[in-house]
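Geometric and topological summary
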Amino acid sequence: MRAAMEVEGLELPRDTAGFCRRECPSCQRPFKTRPGPHDARALLHKLQAFFSLENAHEGEEGLPEWRCPYCGLRAQADAFLTPAQQTHLEAVARAWANHVRYEQLAHVSRTLALNPRPTFVAVAPEALPGPMDPEPDELLRVLPLLCCGEDVKLLWEWDQAFFCPRCGARHGGLSGRQQIQVELVSE
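Residue positions are counted from 1 within each chain, in the order its sequence is given. Local features in this predicted model are restricted to residues of pLDDT 70 or higher, and side-chain atom pairs are both shown and tallied only at a pLDDT of 80 or more, whereas totals for entire chains, interfaces and linings draw on every residue. Each side-chain value is derived from all of the structure's non-hydrogen atoms; neither hydrogens nor water enter the calculation.

A closer look at the pattern of salt bridges
In what follows, salt bridge is the name for a side-chain nitrogen of Lys or Arg lying within 4 Å of a carboxyl oxygen of Asp or Glu. Enumeration according to the criterion identifies 11 salt bridges in this entry. Asp-39 is the salt-bridge partner of Arg-22, the closest N and O atoms lying 3.1 Å from each other. Remark: Asp-39 occurs in helix α1 (residues 39–50) and Arg-22 occurs in strand β1 (residues 20–23); sequence separation between them is 17 residues. For the pair shown, Arg-22 and Asp-39 are each scored as buried. A salt bridge links Glu-65 to Arg-74; its shortest N-O distance comes to 3.5 Å. Members of the salt-bridge network, linked through shared partners, are Asp-15, Arg-21, Lys-32, Glu-135, Glu-138 and Lys-153. Under the DSSP-based scheme used, a helix requires at least four consecutive residues in state H or I and a strand at least two consecutive residues in state E, with every element numbered from the N terminus. Burial classes follow relative accessibility: with a 1.4 Å probe on protein chains only, a residue under 20% of its type's maximum area counts as buried, one over 50% as exposed, and anything between as partly exposed.

As for the confidence of the model for the protein
Looking at the protein as a whole, the pLDDT averages 81, with 78% of positions reaching at least 70. This model gives residues 1–7 a pLDDT under 50, and the stretch forms 11 contacts once residues within four places in sequence are excluded. Every residue in residues 175–182 is under pLDDT 50, and counting partners more than four places away or in other chains gives two contacts. What pLDDT expresses is the predictor's confidence in each residue, scored from 0 to 100. Whether two residues touch is decided by their heavy atoms; if any such pair falls within 4.5 Å, the residues are in contact.

This is the structure in structure tokens:
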């Protein structure tokens, strides 16, 4: 009997507005972006760090470099995964490795007529981890990125210049109508 190894799509959790959490590996500030076309390659690249594949070279093509919107650090896209996302990807990679190992060992049981005296018994692995918990909504400010036509969510108190995570363009800090100033007026 073959173990059922049903693999569904693997994606980063999103908040209700469709943004995924990211974190700078240098300044460790959180930000959110909408999923992009290179997210799958970033996930594959991180999975390959935990579970080596024969065709690992296929995941190296097209992995973009992103920039931290706060400190400007430039790194590969998978470096901006949060520690929780990396832990989940490691658990998924280890589970996949256990399932592959089990299928290799269980092949002997399935072909027992060819080898009537096996020296081991394959033990079925645990189920693959489910999806990550949904991304919570939190108080982050949505800022438009005119350079790429996208939005980014940054810390509410951040009012300095920031970088586009995708192309690295520098955007000025908040000024003019974008600033909110509250004053108490005595009557």
